[in-house]
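Structural description and commentary
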Amino acid sequence: MAEKNKFYITTPIYYVNASPHIGHSYTNIAADTLARHMRRVLGKENTWFLTGTDEHGQKIERAAEKQGLTPGQFVDRVVVQFRDLWDKLNISYNDFIRTTEDRHIKTVQRSLEILYKNGDIYEGKYEGWYCTPDETFWLESQAPDKLCPDCRRPLEEIKEINYFLNLQKYQSWLIEYIKNNPLFIRPENRRNEILSFLTLNKLSPLCISRPKERLSWGIPLSFSASHVTYVWFDALINYISAVGEFDANDKYHSRWWGEDSRVVHLIGKDILRHHAVYWPIMLKALGIRMPDTIFAHGWWMLGEGKMSKSRGNVVNPLDMVDKYGIDTYRYFLLREVPFGLDGNFSEDSIIKRFNADLANDLGNLIYRTLNMVEKYFQGKIPQHDIFSRRYDAAGEEIKNILDFPASQRASFSRDINSSLSAESDFNFSLAFESIWRRISMANKYIEESKPWNLAKENKIDELSAFLGLMIEVISQVGRQIESFMPYTADLIKEQLGEKEIKKGKPLFPRIENKETDT
Ligand code: MSP
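Residues numbered from 1 in each chain as written. Predicted model: local features only at pLDDT ≥ 70, side-chain atom pairs only at ≥ 80, totals over all residues. Heavy atoms only, no water.

Our focus in this paragraph is the overall build of the protein. Within the protein one finds 18 helices and 18 strands. For the protein, whose C-alpha radius of gyration is 26 Å, the value lies close to the compact-globule estimate of 24 Å for 518 residues. Overall, the C-alpha framework of the protein stretches about 90 × 55 × 40 Å when taken along its three principal axes. The proportion of buried residues among the 518 residues of the protein is 57%. (Helix = DSSP H or I, 4+ residues; strand = E, 2+ residues; numbered from the N terminus. Rg over C-alpha atoms; globule rule 2.2 N^0.38 Å. Buried < 20%, exposed > 50% of the residue type's maximum accessible area, 1.4 Å probe, protein only.)

Written as structure tokens, this is what we have:
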């Protein structure tokens, strides 16, 4: 197998029927962190990060109608909110795909034609029940009360001619593929969930069209003048339409989807079945290789329920960022719950995390170290070859967990690298734990060695070696948090300076909160 020296990461493309909320920002912050990390491991030119917006379908048509706009006018307005939020959150995407773009429409139509030509898509009659807000079909047996099993809203009865993708033809292939590729669907509980769904149910054909009379806001089918494409078929194709093309022989080519590229889809668990069943079968039928990993993360809940537009309990990410800062927000989402599990969102827990980890641990380490450099060395950073110098036992222990200097970089943060791999389920919070272990050790070392006594006793050489070590810890921590908290990493670099520190305000001044401080 070719060595994977490229990395292609995607997020779901978000519906533009309402403003972005915390759930959307979660996936993008996680994907951004992995993209930044992989750019350092593989190089910028070998990493590609795609996000975008899902702009067709009934939900959007209806939302536009409500505002008295055409769907086109409506999506052009809402998409700006997504782009602005990503800029604000430092989301370093390489490409932003909109499903209303020509490059996408062309690839969707071409994919449908190939599948139709090969007999994977065929005309048929549809009778069943449809949840319009969720754009999902249900069989009578799945929804005996005529309410959507997912959202509990009333279903509409539907009878019409449509086009169908034969999923069953690929069912046993898919089961085998998932069994043989343990990293294909992650985490493990989601993999098992899909495997048991596939082994216990016979897959029904997937209806991939909608009659125009019912929905006009979609991509026209080239082989039927009276249909547009089902929005989920349209949406999933974004992952390939953004990065490649079919040639005259129906073969797909892409710099980012070759054998030498690791393809990772990050999604929320709500859209796992679309990604782990429909998408692989679409790709297989199109003769395109599988992505390497489809990772479904958990939900952010607010109180009892999932945060979602339809439940009306969304928190606006911009408000959180204005209140607590970009990197506090990024840190909280990635640190608070292991990636893959559900989490409870509350401002109290943000404040607790902030005060403990950012103000007390990281902020304090930097602030008091820089204070001492200022006080005892007039701001000049003590120059020591700390890696060849001998320290006391605690100092040696700290030295041991530091990355070696430039010449021996090979071992660069092995624990962080491995925490962020697919094998470890992109465990951001574990990566943070290992960084914070360094911070805690350094803080403890300061408390135990009482460097201010060295100053009093005029042991200048020892004091400068001590502070040299602390500066090295801070500068390494700064580099290690770069992918997670890029803005803070820049501030640390700035404050440390080259030879002389530039101490600014504390990076994370404690937040006083009566409720959490009791
Ligand atoms: N347009 C489809 C996705 C098509 S991908 C080919 C869609 N869009 S969505 O706007 O509803 O966003 C879905 C994604 O947003 C989820 O999969 C997840 O990534 C994120 N989240 C939305 N609400 C969420 C939470 N409450 N918690 C965490 N993430 C969730 O579905």
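The subject of this paragraph is the sheet that holds strand E4 (residues 121–131). Sheet architecture is open: 4 strands sit in the order E5-E4-E6-E8, paired in antiparallel fashion. Here the strands that pair on one side only, and so sit at the sheet edges, are strand E5 (136–138) and strand E8 (206–207). (Pairing = 2+ DSSP bridges.)

With that settled, the discussion passes to the environment of Ile-208. Looking at where Ile-208 falls in the secondary structure, it is placed in the loop between E8 and strand E9 (209–211). Sequence-wise, Ile-208 and Val-228 are 20 residues apart; in three dimensions their C-alpha atoms are separated by 8.7 Å. In this structure Ile-208 touches Leu-112, Ile-121, Tyr-163, Phe-164, Leu-165, Val-228, Thr-229, Tyr-230 and Phe-233, once residues within four positions along its chain are discounted. (Contact = heavy atoms within 4.5 Å.)

Residue position: Thr-107 is located in helix H4 (residues 102–117). Residue class for Thr-107 comes out buried when judged on its relative accessible area of 5%. Separated by 2.9 Å, the side chain of Thr-107 and the backbone oxygen of Arg-103 make a polar contact. Excluding its chain neighbours within four sequence positions, the residues that come into contact with Thr-107 are Ile-237, Ile-240, Ser-241 and Phe-246. (Polar contact = N/O pair within 3.5 Å; in protein donor to acceptor, adjacent residues only side chain to side chain.)

In this section: the sheet that holds strand E11 (residues 224–229). An order of E9-E11-E10 is seen for the 3 strands of this open sheet, with the pairing classed as antiparallel. Among the strands making up the open sheet, the edge pair consists of E9 and strand E10 (220–221).

A few words on the site of the ligand. For the ligand, the set of nearby residues contains 25 residues, the closest of which are Ile-13, Thr-27, Asp-54, Trp-300 and Met-307. Note that an oxygen atom of the ligand is positioned 3.3 Å from one of the side-chain N or O atoms of His-24. Taking Asp-54, its side chain carries an N or O atom lying 2.7 Å from a nitrogen atom of the ligand. Protein contact buries 96% of the 670 Å² of open area that the ligand shows by itself. The set of elements that each furnish at least two residues to the shell around the ligand consists of strand E1 (6–15), helix H1 (22–42), helix H7 (231–236) and helix H8 (238–241). For the shell around the ligand, the element with the most residues is E1, which contributes 4 residues. Across the shell around the ligand, the residue classes tally to 12 nonpolar, 9 polar and 4 charged. (Near = heavy atom within 4 Å. Areas by Shrake-Rupley, 256 points an atom, 1.4 Å probe, with all protein chains shown as cover. Nonpolar A, V, L, I, M, F, W, Y, C, P; charged D, E, K, R; others polar.)

So, about the domain arrangement of the protein. Its domain assignment divides the protein into domain 1 (6–297) and domain 2 (347–517). One C-alpha centre belongs to domain 1, the other to domain 2; they are set 43 Å apart. With 15 residues of domain 1 at the contact, the number on the domain 2 side is 14 residues. Counting the surface lost from both domain 1 and domain 2, the interface buries some 1400 Å², and carbon and sulfur atoms represent 64% of this. The largest contributions to the domain 1 side of the interface with domain 2 come from Thr-33, His-37 and Arg-40, which together make up 40% of the buried area. Linking domain 1 with domain 2 are 2 salt bridges, by the criterion used here. (Domains from an automatic or database assignment. Buried area = accessible area lost by both parts, 1.4 Å probe. Salt bridge = Lys/Arg side-chain N within 4 Å of Asp/Glu carboxyl O.)

Turning next to the pairing of strand E14 (residues 261–268). Burial runs high along E14: 7 of the 8 residues are buried. In this structure, E1 lies alongside E14, joined through 5 bridges in parallel fashion. Residue Ile-9 lies in a different strand from E14, and its bridge partner there is Val-264. Inspection of the sheet shows E14 paired to strand E15 (residues 293–297) by 5 bridges, in the parallel sense. Looking at E15, one finds that Gly-268 is bridged to His-297. As a crossover connection, the stretch from E14 through helix H9 (residues 272–285) into E15 is right-handed. (Right-handed = clockwise from strand over helix to strand, strands pointing away.)

Right, let's talk about unusual backbone geometry for a bit. Cis geometry is adopted by the peptide bond preceding Pro-187, which originates at Arg-186 and carries an omega value of -15°. When you line up the elements, Pro-187 lands in the loop between strand E7 (185–186) and helix H6 (188–200). A positive phi angle, near 50°, is found at Gln-378, a position not held by glycine. Of note, Phe-426 is a non-glycine position whose phi angle comes to about 45°, a positive value. Relative to the helices and strands, Phe-426 is located in the loop between helix H14 (414–419) and helix H15 (428–449).

With that settled, the discussion passes to the state of the cysteines. Considering all chains together, one arrives at 0 disulfides under this definition. Looking at Cys-148, it has no disulfide partner, and the nearest cysteine sulfur is the one in Cys-151, 3.6 Å off. (Disulfide = S-S within 2.5 Å.)

Of all hydrophobic cores here, the largest spans 160 residues; its most connected members are Trp-257, Leu-266 and Phe-345. Here this core gets 12 residues from one element, more than from any other, and that element is helix H12 (residues 347–377). Split by domain, the residues of this core number at least three in each of domain 1 (6–297) and domain 2 (347–517). For Leu-266, the residues in contact, after removing those within four places along its chain, are Ile-9, Thr-10, Thr-11, Pro-12, Thr-27, Ala-30, Ala-31, Leu-34, Phe-295, Phe-339 and Phe-426. (Core = buried A, V, L, I, M, F, W, Y, C linked by side-chain atoms within 4.5 Å.)

Turning our eyes to something else, we now look at the environment of Ser-440. Along the polypeptide, Ser-440 turns up in helix H15. Sequence spacing of Ser-440 and Leu-365 is 75 residues, and the spatial spacing of their C-alpha atoms is 8.6 Å.

This part takes up the packing of aromatic side chains. Here a ring pair, both rings aromatic, is described through the centre-centre distance and the interplanar angle of the planes. In total, this model carries 30 aromatic pairs according to the counting rule given. Between Tyr-116 and Phe-223, the ring centres sit 3.8 Å apart and the planes meet at 10°, which makes this aromatic pair stacked. Of this pair, Tyr-116 sits in helix H4 while Phe-223 sits in the loop between E10 and E11; the two residues are 107 residues apart in sequence, bridging distant segments of the chain. Between Tyr-445 and Phe-466, the aromatic rings sit 5.0 Å apart at their centres with planes inclined by 40°, giving tilted as the arrangement. Of this pair, Tyr-445 sits in helix H15 while Phe-466 sits in helix H17 (residues 460–480); the two residues are 21 residues apart in sequence, bridging distant segments of the chain. Overall, the relative accessible area of 4% leaves Phe-466 in the buried class. Pairwise contacts between aromatic rings join Tyr-26, Phe-295, Trp-300, Phe-332, Phe-339, Phe-345, Phe-426 and Phe-428 into one cluster. One Lys or Arg, Arg-273, reaches over the ring of Phe-197 and ends 3.7 Å from the middle of that ring. (Phe/Tyr/Trp six-rings, centres within 6.5 Å; stacked < 30°, edge-to-face > 60°. Lys NZ or Arg CZ within 6 Å of the ring centre and 35° of its normal.)

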